[in-house]
Amino acid sequence: MDEQRIRWDDLQIVWAIAESGSLSGAGRRLGISHATVFRRLTDMEARLGVTLFERSRTGYTPSLAGEDLAAVAQRVEADIVGAERRLAGKDLKLSGTIRVTTTDTLFTGVLAPLFAEFRANYPEISLEVVISNQVHSLSKREADVAIRPTQNPPETLVGRRVGSIEQAVYGCREHWKSATTPLTDLPRHAWVGPDKHMGNSALEAWMGRQGLDERCQYRLDSMLGMQTAIEHGPALAVLPCYLGDNTPNLRRLTDPLPELATPLWILTHPDLRRVSRIRAFTREIGEGVLGASI
């Protein structure tokens, strides 16, 4: 096989088909049409003189040659991303763009004013904030900095712990007059909880241990959504204290739940830790979070 006839675009096509198992899936991944994927794959196989995929009713299965090229594509992308990170690490200016990923509740309850202050202090640095409960890859440069609660930060990242998020049970003040409620009374009431897409396994496990799953007929993939839901009825929910305590028409009904306390981290990729704008951002926001009530 003549490697000089293999282009990076070719490798992307093979990798996308191998990952998705179909032409349409590869097209969605690459942002091109099904017909374009088919034409480019056919041209590639003709040019290289090999069959890269076995076609069947269930989809496209890579041949040995297809598997080889898909593995090459992964290595090439890793090299490209690594080069981008190393080049970014040489940037010593307090300017440029920082892409930050965090959760909706952290942004609303803690980070928004800190980000505004940072922008005022560093007007040459642009912030792109990805508000999502899904984890974005810092290794693939989907984000430069992650600010997230986690018990086990990835070993591939570096950063600092900037606090611990406490959580407690909340209900609407209109429906809940007493300041506290025993945990043993909670299974008698309706609950709002996280759905599987939120990825809050600790809260799901806690609700299961408390026997609350059967009482939870209302689930959302957002903690802000859970907060809003209990403002409009008698149902209960576990919320971060920085969010629930600052919502006027909610009442905290329990002490903070020790088993749900979660460390809060600011993380970045090792290749970016010496970038001046990243260092300034993690320092300023870290100190701001430490000074906030979470």
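What counts, and where the lines are drawn
Residues numbered from 1 in each chain as written. Predicted model: local features only at pLDDT ≥ 70, side-chain atom pairs only at ≥ 80, totals over all residues. Heavy atoms only, no water. Pairing = 2+ DSSP bridges. Helix = DSSP H or I, 4+ residues; strand = E, 2+ residues; numbered from the N terminus. Axes fitted to C-alpha atoms, helices over the stretch in contact; angles between N-to-C directions. Contact = heavy atoms within 4.5 Å. Buried < 20%, exposed > 50% of the residue type's maximum accessible area, 1.4 Å probe, protein only. Lys, Arg positive; Asp, Glu negative; His and termini not counted. Salt bridge = Lys/Arg side-chain N within 4 Å of Asp/Glu carboxyl O. Polar contact = N/O pair within 3.5 Å; in protein donor to acceptor, adjacent residues only side chain to side chain. Phe/Tyr/Trp six-rings, centres within 6.5 Å; stacked < 30°, edge-to-face > 60°. Lys NZ or Arg CZ within 6 Å of the ring centre and 35° of its normal. Core = buried A, V, L, I, M, F, W, Y, C linked by side-chain atoms within 4.5 Å.

K.L.:
Even after reading the chapter, I still don't get the sheet that holds strand S7 (residues 167-172), so can you show me in this structure?
P.N.:
Each strand in a sheet pairs with another by means of backbone hydrogen bonds, the pair being arranged parallel or else antiparallel. If you walk across this open sheet you meet the three strands as S10-S7-S11, and the pairing is antiparallel. Two strands in the sheet have a free side with no partner beyond their single neighbour: strand S10 (237-240) and strand S11 (250-252). Taking each pair of neighbouring strands and ignoring which way they run, the sheet shows an average axis angle of 50°. Relative to S10, S7 runs antiparallel, the two sharing four bridges. Within the sheet, the bridge partner assigned to Val169 lies in S10 and is Val238. Across the sheet, helix H7 (residues 223-230) is in contact with S7, S10 and S11; its angle to S10 comes to roughly 125°.

K.L.:
Just to check I follow, could you spell out the side chain of Arg251 for this structure?
P.N.:
Structurally, Arg251 can be placed in strand S11. One buried charged residue, Arg251, remains without a salt bridge, the closest side chain of opposite sign being Asp245 at 10 Å. Here the side chain of Arg251 touches Trp176 through a polar contact of 3.0 Å, landing on its backbone oxygen.

K.L.:
Help me understand the pattern of salt bridges in this model?
P.N.:
It is possible for side chains bearing opposite charge to pair when their charged atoms get close. Here the structure, examined in full by the defined rule, presents eight salt bridges. Asp213 serves as the salt-bridge partner of Arg219, at 3.6 Å between the closest nitrogen and oxygen. Where Arg283 meets Glu284, a salt bridge forms, and the shortest distance between an N and an O atom there is 3.9 Å. The exposure class of Glu284 is partly exposed, given its relative accessible area of 27%.

K.L.:
Help me understand the packing of aromatic side chains in this model?
P.N.:
Any aromatic ring pair is given by two values, namely how distant the centres are and how the planes are angled relative to each other. Applying the stated rule across the entire model yields six aromatic pairs. Taken together, a centroid distance of 6.2 Å and an interplanar angle of 55° make the contact between Trp191 and Trp206 tilted. Residue Trp191 is located in strand S8 (residues 191-194), and its partner Trp206 is located in helix H6 (residues 201-209); the two are separated by 15 residues in the primary sequence. Each of the two residues, Trp191 as well as Trp206, counts as buried. Each residue in the set Phe107, Phe115, Phe118, Tyr122 and Phe281 is aromatic and connected to the rest through ring pairs, giving one cluster. Between the NZ or CZ atom of Arg29 and the centre of the ring of Trp15, over which it lies, the distance is 4.8 Å.

K.L.:
Help me understand the pairing of strand S1 (residues 53-56), please; the structure alone is not making it clear to me.
P.N.:
Side-chain positions along a regular strand alternate between the two faces of the sheet. Sheet analysis places S1 next to strand S2 (residues 59-62), joined by four bridges and oriented antiparallel. Counterpart to Ser56 in the pairing with S2 is Gly59. Joining the antiparallel neighbours S1 and S2 is a turn of two residues.

K.L.:
Even after reading the chapter, I still don't get the nonpolar core, so can you show me in this structure?
P.N.:
Grouped burial of nonpolar side chains is what soluble globular proteins tend to show. Formed by 54 residues in total, the largest nonpolar core has its most connected members in Ile147, Trp191, Trp206 and Ile285. It is helix H5 (residues 104-121) that contributes the most residues to this core, six residues altogether.

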